[in-house]
Every structure is written in C-alpha cells, then in structure tokens.
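The lines below spell out each chain.
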Amino acid sequence: MPAPPRKTTSPQTAKRSAEAVLDRDFLIIRAKLLEVAASLDRLAAATDPPADAERIAKIRQAIESLLDDGADHAETLQQIFSLPYDADWQERFGLGGSGD
Amino acid sequence: MDYFDPHIHMVSRTTDDYLALAQMGCVAMSEPAFWAGYDRGSVEGFRDYFRQLTEFEPTRAAEFGIQHYTWLCINAKEAENVALSREVIGMIPEFVQRPNVLGIGEIGLNKNTKNEATIFQEHLDLAYRLGELVLIHTPHLEDKYAGTRMILDMLTGDARTDRTRVLVDHVEEHTIRPVLEAGFWAGMTLYPVSKCTPERACDMVERYGPERLLVNSAGDWGPSKPTAVPEFIFEMRRRGHDEALIRRVVYDNPREFFSGCERFRFAAR
C-alpha cells in the first residue's frame, strides 16, 4: 500500500535565534566565503581564459543568487548547477510512459 | 548512541574502519552492491562479488559486533552494458535468499542514459516479482536533479510500486522534497564535495522533519568518512535537538525500513 503524500512542513524548526546562528557560524561563513574569493582570484590570475565560459557563468550566477532574500539559497544553487529535466525523456528513449 | 549506517561500501574499507565504527556506536550497516572501481568483465566477477557481500563482509563485521546486511544488483555505471546487466540480474536469485540480503540495490541512474533506465526498470521488475525492498542511487552532481525526476517517473509509473518499500538515496536540497512528497523513504549521504555535509543534513531534518529520513556515510573508494553518521549526531546535539529525534533518524528509521525484509533479524543490544 503506497504511503500517503507527505506535507513538507517543518515540525523540527531550528531552536536558535539568528544571533545564535551567527555566534556559531560567522567565522565558518567567513572562512568559506574566503575560499570562494581565493578561487576567483586564482581564476583571475590564470594565463588563459577558459575555453568553456559556461562554468564561469554558473559560478557568477550562483554567487548572485546568494544575495536574494529568502530561505532557499541551497536549493537554488543546486538547481543552477543541475542539468535540466526533460519531462518527455521516456518518449525520447522509446521506453513508453510519460513524465509528469 | 547506537546507530545504523544504512549505506556503506565496506569492501573498499580496511578492517580498521570496522573497529572505528564499532567504537563510535555503529551496531548495524547495510552495504549496497556498487561499482568496483573498474568495469567488470563478466557475470562471474559479480558472482564472486556477491559471495564477498554475503559471506566475507558479514563475518568481518561480526568480529566487531556489527550486524552486516547487503543488497544485490548491477550498479548504474555498469548498467550501460545491457547484455552483462541481464546476466547479472538473472543470477541475483541465486543469492537473494541469503540471510543478510535486504533486497535489490543500489540500482539507479548514473548519466541518465537509455540503457541505464532500461536496466533500472528490469531490476525493479525483478524486485517486485520477488517481493524485495529496493534501494536507489541517484546520480552525482549536475545529473542528480534530472536523474531523480526520471527515477521517480519510473517508480510512480509502475502500479506495483509500494512506496513504503523503496529508499531513494543521496537526496540533497533540490531533490529531497519531490522524493518525500511522493511517499518514498529518503537517504542523505554525508560525503565530501560531491554530496552532503552533516550540517546540511541537519538543516534538512529541521526543515522536513525526521519522518522517512535516514543518513549514511556511503564510505567507499574515494575520500570519505565512515564516521560521518556520528558527526551528524554530534551536530544535531550541538543544535540542541533531543536524543529521541536524533535516534529516530539514525536508528529507528533504518530499523523500520529494513524490517520490511523478512530476512532482517536485527538483534538490539
């Protein structure tokens, strides 16, 4: 018997205030941003531009997405780095059925 | 805290890892059949591998008080070889009734090809005909979202699918919601760079709740920590979550899902 669809609410909300999150994570966030910054510096110092500009564009798009308000930054960033889903893939593969 | 690692590839780990796992509270593990690091040449290679999963590894684990379970399949990467895949699928029934076998897995997609999808569906057909649990690998990195959607299409498109008996593994922020909303179990893999961190896994537990969620280390050939699940436990405690919630994700949920297999004879300590 299939399980009923599940509501994706948040019964286990974080028990921390924003202040508490920053107290714990500020230096970690700083360190991770520094890693990204240093990586961009390495790209800037590189002798030749990349043959494929797409990866650079995705990095830029991902960084820009972090400036948006909201609570879905991780999911948004994951989607930026994902190939698209083709709902007609089964028809294209000749496997029958259809995507949703 | 006693815990399960529901997805770890011990054939690729030294015995020292069993000792570390036992010392950190691992009481049981499940090891899906996976890629050997190279493409195997024949069905006999898989026969030997299945013997290793069903004979040697449970013996090695038992020396450290860990109960070892396993899953059988040809993995998504080698599924591109359709002829070999069909030979392996034909051989699985020889092993599936062995005491530590939980079901068919880790089947799935790798680069989301037609051959991979074909063999995935043939594995599903075998699992449903035999009444076995199913453990699913979702692709890495840029292929994960599309591959997960394709997998869900195939699962929901088969009227025999019992969603309570299917675990979709390696979910991340962009795939966890469709998997859970469709009624399947979901596994979060704590693996550096290409998958999830303990912190992000905690975020997802906080966002979606513990129902039908598991965490695992997927320790394998690559740089990976077999002690990743204890790191998740530690992070949850640091955030102030109670022991019952943590235990639900790392012990009760795996135990509940695996109990769907009649051969699962877990002895709690």
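Remember, it's a predicted structure, so these values are computed and weren't measured experimentally.

Brief notes about the overall build of chain A
Thinking step 1. Each helix and strand in chain A was counted, giving 4 helices and 0 strands.
Thinking step 2. Each helix (α) and strand (β) of chain A, taken in turn from the N terminus, gives the series α-α-α-α.
Thinking step 3. Among the 100 residues that make up chain A, the fraction classed as buried is 13%.
Thinking step 4. Counting only carbon and sulfur atoms, one obtains 60% of the accessible surface of chain A, whose full area is about 7700 Å².

Regarding the packing of aromatic side chains
Residues and elements named next belong to chain B.
Thinking step 1. Scanning all chains against the criterion turns up 18 aromatic pairs over all chains.
Thinking step 2. Here the aromatic residues Phe4, Tyr69, Trp71, Trp185, Tyr251, Phe257, Phe258, Phe264 and Phe266 are joined through ring pairs into a cluster of three or more.
Thinking step 3. Cation over ring: Lys195 sits above Tyr191, and NZ or CZ is 5.0 Å from the ring centre.

Some points on the packing of helix H7 (residues 198–208) of chain B against helix H8 (residues 228–238) of chain B
Residue and element names in this part refer to chain B.
Thinking step 1. At their nearest, the axes of H7 and H8 sit 9 Å apart, and the two run at 55° to each other. Considered as vectors, H7 and H8 are oriented oblique to each other. The hand of the H7/H8 crossing is right-handed. Contact with H7, carried on its side by Pro198, Glu199, Ala201, Cys202 and Val205, involves Ala228, Glu231, Phe232, Glu235 and Met236 of H8 and no other residues of that element.

Digging into the confidence of the model for chain B
Thinking step 1. The share of residues in chain B with pLDDT of 70 or more is 100%, and the mean pLDDT across the chain is 97.
Thinking step 2. Confidence metrics for the complex model read pTM 0.94 and ipTM 0.91.

Criteria and cut-off values
Residues numbered from 1 in each chain as written. Chains lettered and ligands numbered in written order. Predicted model: local features only at pLDDT ≥ 70, side-chain atom pairs only at ≥ 80, totals over all residues. Heavy atoms only, no water. Helix = DSSP H or I, 4+ residues; strand = E, 2+ residues; numbered from the N terminus. Buried < 20%, exposed > 50% of the residue type's maximum accessible area, 1.4 Å probe, protein only. Areas by Shrake-Rupley, 256 points an atom, 1.4 Å probe, with all protein chains shown as cover. Phe/Tyr/Trp six-rings, centres within 6.5 Å; stacked < 30°, edge-to-face > 60°. Lys NZ or Arg CZ within 6 Å of the ring centre and 35° of its normal. Axes fitted to C-alpha atoms, helices over the stretch in contact; angles between N-to-C directions. Parallel < 35°, antiparallel > 145°, perpendicular 65-115°, else oblique. Left-handed = near helix turned anticlockwise from the far one by under 90°. Contact = heavy atoms within 4.5 Å. pLDDT = per-residue confidence, 0-100.

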